[in-house]
2 protein chains.
Amino acid sequence: MRRTKEDAAKTREEVLAAAAEVFFENGVSGSSLDKIARRAGVTRGAIYWHFKDKAEVLTALHSEIRLPQEELVDHALEHGHDDPLSLIEQASIEVVHILANDEQQQRIFAIMILGCEFTEDPSETAQRIITANAEMYEKLQKLIDMADRQGNLAPGWTVDTAARAFQCCMNGLFAEWLRSGKSFPVIDVGERLVRSVIGSIRRKAA
Amino acid sequence: MRRTKEDAAKTREEVLAAAAEVFFENGVSGSSLDKIARRAGVTRGAIYWHFKDKAEVLTALHSEIRLPQEELVDHALEHGHDDPLSLIEQASIEVVHILANDEQQQRIFAIMILGCEFTEDPSETAQRIITANAEMYEKLQKLIDMADRQGNLAPGWTVDTAARAFQCCMNGLFAEWLRSGKSFPVIDVGERLVRSVIGSIRRKAA
DNA sequence: ATACAAACATACATGAATGATTGTAAATAT
DNA sequence: ATATTTACAATCATTCATGTATGTTTGTAT
């Protein structure tokens, strides 16, 4: 009962979708490959065909998140922008809106932030997550550096401090929202939070 | 080789200390009771004598964190305070300083925030963490409510939105710091962040 | 002095998850 | 038309952690 290439690609997607659900429900280490297979309507054999092990399923899931605003930010980094802080503000608010409406991305985000166990000697999977976070931070830092060179950074702030503070807020926002079972309006809180922090970072007009 | 009561209490503490280390290094579900026992210099028998199972070790660890400023906040809640927002600001900055210098509490915090797997149908352990977080939120909310009734809440903010925003920032700060391997100065970032958000929440003097 | 219980260590039984191997039917290349 | 992969399913051996049960030694009460 061999399937055509499209069929195979389909089962691969179904496995990933099932993995997202099961990981989300039981945590990564609480999810056996058998559970995922059953949810996907296949056997473990199928999973082992498409992926090396559970870690590879996780990284495959992770590589599925590609927020559209990343291109926006990349473009600004390449071509420059006359108001980088406003760009950060707008892009971040956009991300909040997107995440608030995309259940699949919420699940993946929850798995990454809350469901992946911390290790001091990180597994390659955990390492990838840390790396992705670091890349995000670098972009943030470069944009704020642009703002600084344009004289728009408020006194007292350094580029690094500002970038870290903003990153903490955003990750904290999503983590708390997902951890609490979406018990508060992310969009409201997120918009106010973003504007507050950006407002503090931005040098006030004299 | 029965020990005296003091000896027994000592091994209990040693088991907890070892558990904090092992959990921190390998994650909760990646830590077998045997590993913890070896680290503590005992056998699993000793652990099973003092605790029912791994979950009970975790909750025992969790109950070890009692930040001193909780009493400060409780006192303010009971007796009122003429400037609750300043109280939040000071207490939070104090917490940052304490956490920055207490490795044991850092480990426990890391385990709770990063190392405890998320479950939609939460285990009792996870539930305790969520509950503790909710209690913290309630106190925050009551303090901000006090500020609101004193006319000190900036327009645009609601009590809930402000409390959530602040909570997200603080948890995000610690989570990012620990996840990143303490790669940035928490105290600097934390102080600026706290002052920024509280500054945004507080109504400006006319 | 003796009986009992506390504080463990040791040994064992169980189950769950993994990874590897093998089987196999259909798709595709030749 | 045949050979060869592909895309899985099914089975198996092994590991590993857990929980329990039992053994052993020593404090402690009487």
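Residues numbered from 1 in each chain as written. Chains lettered and ligands numbered in written order. Predicted model: local features only at pLDDT ≥ 70, side-chain atom pairs only at ≥ 80, totals over all residues. Heavy atoms only, no water.

Q: Would you mind going over the interface of chain A and chain B with me for this structure?
A: Quite often, the size of an interface is put as the accessible area lost when its parts meet. On the chain B side, the residues contacting the 42 residues of chain A number 42 residues. With both chains or domains summed, chain A and chain B bury close to 3700 Å², and 59% of this area falls on carbon and sulfur atoms. Linking chain A with chain B are zero salt bridges. Counting the contacts that link chain A with chain B gives five residue pairs in polar contact (both at pLDDT 80 or more). Counting only elements with at least two residues in the side of chain A that touches chain B, the list comes to helix 1 (5-26), helix 7 (103-114), helix 8 (124-149), helix 9 (159-179) and helix 10 (186-201) of chain A. The leading source of residues in the side of chain A that touches chain B is helix 9 of chain A, at 12 residues. Broken down by class, the residue content of the side of chain A that touches chain B amounts to 18 nonpolar, 15 polar and nine charged. (Contact = heavy atoms within 4.5 Å. Buried area = accessible area lost by both parts, 1.4 Å probe. Salt bridge = Lys/Arg side-chain N within 4 Å of Asp/Glu carboxyl O. Polar contact = N/O pair within 3.5 Å; in protein donor to acceptor, adjacent residues only side chain to side chain. Helix = DSSP H or I, 4+ residues; strand = E, 2+ residues; numbered from the N terminus. Nonpolar A, V, L, I, M, F, W, Y, C, P; charged D, E, K, R; others polar.)

Q: Just checking my understanding: could you explain the packing of aromatic side chains for this structure?
A: The relative placement of two aromatic rings is captured by the distance of their centres and the angle of their planes. For the coordinates displayed, the defined rule picks out two aromatic pairs over all chains. Pairing A:Phe109 with A:Phe174 gives two aromatic rings, centres 5.2 Å apart and planes at 75°, and the pair type is edge-to-face. Placement of the pair is A:Phe109 in helix 7 and A:Phe174 in helix 9, with a sequence separation of 65 residues. Looking at A:Phe174, the relative accessible area reads 5%, which means it is buried. Of note, B:Arg164 hangs over the ring of B:Tyr137, and the distance from its end group to the ring centre comes to 3.8 Å. Over the ring of A:Trp157 we find B:Arg192; its NZ or CZ atom is 5.3 Å from the centre of that ring. (Phe/Tyr/Trp six-rings, centres within 6.5 Å; stacked < 30°, edge-to-face > 60°. Buried < 20%, exposed > 50% of the residue type's maximum accessible area, 1.4 Å probe, protein only. Lys NZ or Arg CZ within 6 Å of the ring centre and 35° of its normal.)

Q: When you look at the relation of the copies chain A and chain B in this model, what are you seeing that I'm missing?
A: For the pair of chain copies, the relating operation is a rotation around an axis with a shift along it. Between chain A and chain B, the superposition needs a rotation of 180° and an axial shift of 0.0 Å, giving an RMSD of 0.1 Å. Here the two chains are linked by the operation of a two-fold rotation axis. Minimal C-alpha distance to the rotation axis in chain A is attained by A:Gly172, lying at 1.8 Å. When the interface residues of chain A are mapped onto chain B, 100% of them are again interface residues, pointing to one common binding face. (Least-squares fit on C-alpha atoms with pLDDT ≥ 70 in both.)

Q: Can you help me understand the domain arrangement of chain A in this one?
A: Residue and element names in this part refer to chain A. What the domain assignment reports for chain A is domain 1 (5-62) and domain 2 (69-201). Taken together, the 10 residues of domain 1 in the interface contact 12 residues of domain 2. Both faces considered, domain 1 and domain 2 share a buried interface measuring about 1100 Å² in area, 77% of it formed by carbon and sulfur atoms. Its largest share of buried area at the contact with domain 2, domain 1 owes to Phe24, Leu58 and His62, together 47% of the area lost on that side. Where domain 1 packs against domain 2, one counts zero salt bridges. Joining domain 1 to domain 2, the criterion identifies zero residue pairs in polar contact (both at pLDDT 80 or more). Secondary structure elements with two or more residues in the side of domain 1 that touches domain 2: helix 1 and helix 4 (54-62). Sort the elements by how many residues they give to the side of domain 1 that touches domain 2 and helix 4 lands first, with five residues. When the residues that make up the side of domain 1 that touches domain 2 are grouped by side-chain class, the tally is seven nonpolar, two polar and one charged. (Domains from an automatic or database assignment.)

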